[in-house]
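Architecture and fold: a report
One letter stands for each residue in the lines below.
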Amino acid sequence: MRCKLGNIIKINQYTYTSHDQWKYVNYLDTGNITKNVIDTVQYINLSKEVLPSRARRKVKKNSILYSMVRPNQSHYGIVKDNIDNFLVSTGFAVIDVDTNKTCPAFIYYMLTQQKMTEHLQTIAEQSVSAYPSIKPSDIENLDIILPSLLQQQKIAKLLGTLDDKIELNRQINANLEQQVLAYYNYLFIDNYNVNRRKCRMNEYFDISIGKTPPRQETQWFKTQSNDVVWVSISDMAKCGLYINKSSEQLTKEAIKKFNIPVVPDNTLLLSFKLTIGRIAITNGELATNEAIAHFKTDQKIINEYLYCYLKRFDYDKMGNTSSIAVALNSRLIKEMPFIIPESHELQTFYDYAHCRFQYIKANLSEISTLSTLRDTLLPKLMSGEIDVSKIELE
C-alpha cells in the first residue's frame, strides 16, 4: 500500500509543562544520540537546576527520535524502554506510529535507510534557516510503500536481531572496560607507591596535534573509503575504545600539502577543545583535526595504562577560567603531569588489561561487520527484493 507517512504517524504529540510538576528529568539532546547509540542522558534535579528551554518533548516506548537539523549527521534513534520523566530536545521530531497499521521498528528502519537520509538532507539544504534543517511536515509528506503489518514485523525482526547483537557487543565492551578501570584504581589509586616517578607528558610521549585544511577549499575533503581517515571529536563519540573510521576523509594530497601529521597504529588520541577528555586508540594509521592530540610512544605496554590514566584525569584542574573549553590548549596538554609506574606494576597491569582490550577490539570489528550487513540488507528488505515470508515470529 502506498501512502503518506503522515497518515500513520503523529509528530510531537506530548509537551512538558510546569503543570506536570516533575521533581527530576532525564534529558536527551540531539547531539547525544547517533544511529540509536546514546552517548549521554543528562539527569536534572529540578529543585536545584533550571530545565533547558529546549527540554520539552515527552517520549514513550517505541517513540522514534529524528533530529531536524542536518539529517546526514544521523542523530536518530528509537526508544526501546520506558524511562521515567524522559524529555528530549525540541530539535527532535518525536514520531509515534499507529500500531494498528504499522510496526514502530519498521518505520524507524525505513526512515534511517541511506536513501531516505539523503532525501531529507537535500530538503534541509534548501531551507532558509541558519542551519540545514527539516520541518515535521517534511517527514509527514514522505511517500512510502507500506507492506502488510506481518511483513513489517518480519523485516523489523530480522534487522532487530542484528542490532541486538551489536548492542550486546557494546554492553560486553562496556563491562570489560569497567573491569580494566577498576583494576587500575586498585593498583594505582588505592595503593600508593613512593617509587613512581612524575614528569610532563611531553617528556614521556611524542605529542602531536592534528590539522584541518582550509574549509573553503572543498577539494581536500572526501567521503570515500580509499582516502585518509580524518578523525573529529564527533567521530570519537561513537567509535568505542578503538577508532579506524571517520565521517570525513582527506585526500592524500591534502595530507602532504598541509603537512598534516599521520598518526601511527596503536596511538592514543585525546580531545582537548570544546569537548574535553574523549579518548580512543588508533586501529591503523589515520589523521585528525586540530582539536585532538596524539600520544606517540615506542613503549609497547603503556597504552592501556595511559588510557586509564587519562580516563581518570581531572581536566578541570588544568584550566584557570570558568570555561575549560576556552582554557585548554596544546601547551597545557603537553605539560600535563604524568605518573610513571614501576616496571613490575606496569607489566602486571598490562598482562591484565591487554587481553581485555584485544577482546574489545574484536567485538568492535564484529560490530562494524554486522552494521555493514544491516545497512546492506535494509534497502533490499524495504524494496521487497529479499523475501521474508519464511521468517517465523515468536
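This section reports on the structure supplied with the text.

The rules behind each value
- Residues numbered from 1 in each chain as written.
- Predicted model: local features only at pLDDT ≥ 70, side-chain atom pairs only at ≥ 80, totals over all residues.
- Heavy atoms only, no water.
- Helix = DSSP H or I, 4+ residues; strand = E, 2+ residues; numbered from the N terminus.
- Rg over C-alpha atoms; globule rule 2.2 N^0.38 Å.
- Buried < 20%, exposed > 50% of the residue type's maximum accessible area, 1.4 Å probe, protein only.
- Salt bridge = Lys/Arg side-chain N within 4 Å of Asp/Glu carboxyl O.
- Contact = heavy atoms within 4.5 Å.
- Pairing = 2+ DSSP bridges.
- Core = buried A, V, L, I, M, F, W, Y, C linked by side-chain atoms within 4.5 Å.
- Expected span 1.5 Å × (residues − 1).
- Bend = angle between axes of the 7 residues up to and from the residue.

1. What about the overall build of the protein?
When helices and strands are tallied, the protein shows 11 helices and 23 strands. Computed over C-alpha atoms, the radius of gyration of the protein comes to 23 Å, within 12% of the 21 Å expected from 2.2 N^0.38 for 394 residues, which places it in the range of a compact globule. Along the first, second and third principal axes, the C-alpha atoms of the protein reach 70 × 55 × 45 Å. Buried residues in the protein amount to 46% of all 394 residues.

2. Some remarks on the pattern of salt bridges
Scanning the entire structure with this criterion turns up 13 salt bridges. A salt bridge links Glu 177 to Lys 311; the shortest N-O distance between them is 3.6 Å. Here Glu 177, found in helix H4 (residues 149-189), pairs with Lys 311, found in helix H8 (residues 303-311); they are 134 residues apart in sequence, far enough to count as distant. Across the pair Asp 206 and Lys 296 runs a salt bridge whose closest N-O atoms are separated by 3.9 Å. Pair noted here: Asp 206 is in strand E14 (residues 206-209) and Lys 296 is in strand E22 (residues 292-296), with a separation of 90 residues, a long-range link. A relative accessible area of 47% places Asp 206 in the partly exposed class. Through salt bridges that share partners, Asp 163, Arg 374 and Asp 375 make up one connected network.

3. Structural notes on the environment of Ala 254
Within the fold, Ala 254 resides in helix H7 (residues 252-257). Between the C-alpha atom of Ala 254 and that of Pro 213, which follows or precedes it by 41 residues, the distance is 7.0 Å. If sequence neighbours within four positions are ignored, Ala 254 has contacts with Pro 213, Trp 220, Asn 259 and Ile 260.

4. Some thoughts on the pairing of strand E8 (residues 64-67)
A two-sided burial pattern is seen for E8, the buried positions comprising Ile 64 and Tyr 66 on one face and Leu 65 and Ser 67 on the other. As paired elements, E8 and strand E9 (residues 76-78) share three bridges and run antiparallel to each other. Within E9, the residue paired with Ile 64 across the bridge is Ile 78. Note: E8 against strand E11 (residues 92-97), four bridges, orientation antiparallel. Among the inter-strand pairings, Leu 65 is bridged to a residue of E11, identified as Val 94.

5. A closer look at the nonpolar core
The biggest cluster of nonpolar side chains holds 84 residues, and the ones touching the most others in it are Leu 5, Leu 111, Ile 139, Met 201, Phe 295, Leu 310 and Phe 338. Here this core gets 13 residues from one element, more than from any other, and that element is helix H11 (residues 343-383). Contacts of Met 201, omitting those with residues within four sequence positions, involve Ile 207, Phe 295, Leu 306, Tyr 309, Leu 310, Ile 333, Lys 334, Met 336, Pro 337 and Phe 338. In terms of nonpolar packing, the next biggest core, distinct from the first, is built from 12 residues, Val 231, Ile 233, Ile 243 and Ala 291 among them.

6. Let's talk about H11
Helix length check: H11, at 41 residues, gives a terminal C-alpha distance of 59 Å against a target of 60 Å (1.5 Å per residue), a fit within 8%. Along H11, the largest kink reaches about 30° and is centred on Asp 351. A positive backbone phi angle near 85° is found at Gly 384, which sits one or two residues after H11.

7. Some words on the pairing of strand E16 (residues 228-231)
A two-sided burial pattern is seen for E16, the buried positions comprising Val 228 and Trp 230 on one face and Val 229 and Val 231 on the other. Two elements, E16 and strand E18 (residues 248-250), share three bridges in a ladder whose sense is antiparallel. Considered in E18, the bridge of Val 228 is made with Leu 250. Summarising the sheet, E16 and strand E21 (residues 287-288) pair through two bridges and their orientation is parallel. Bridge assignment links Val 231 to a residue of E21, and that residue is Thr 288.

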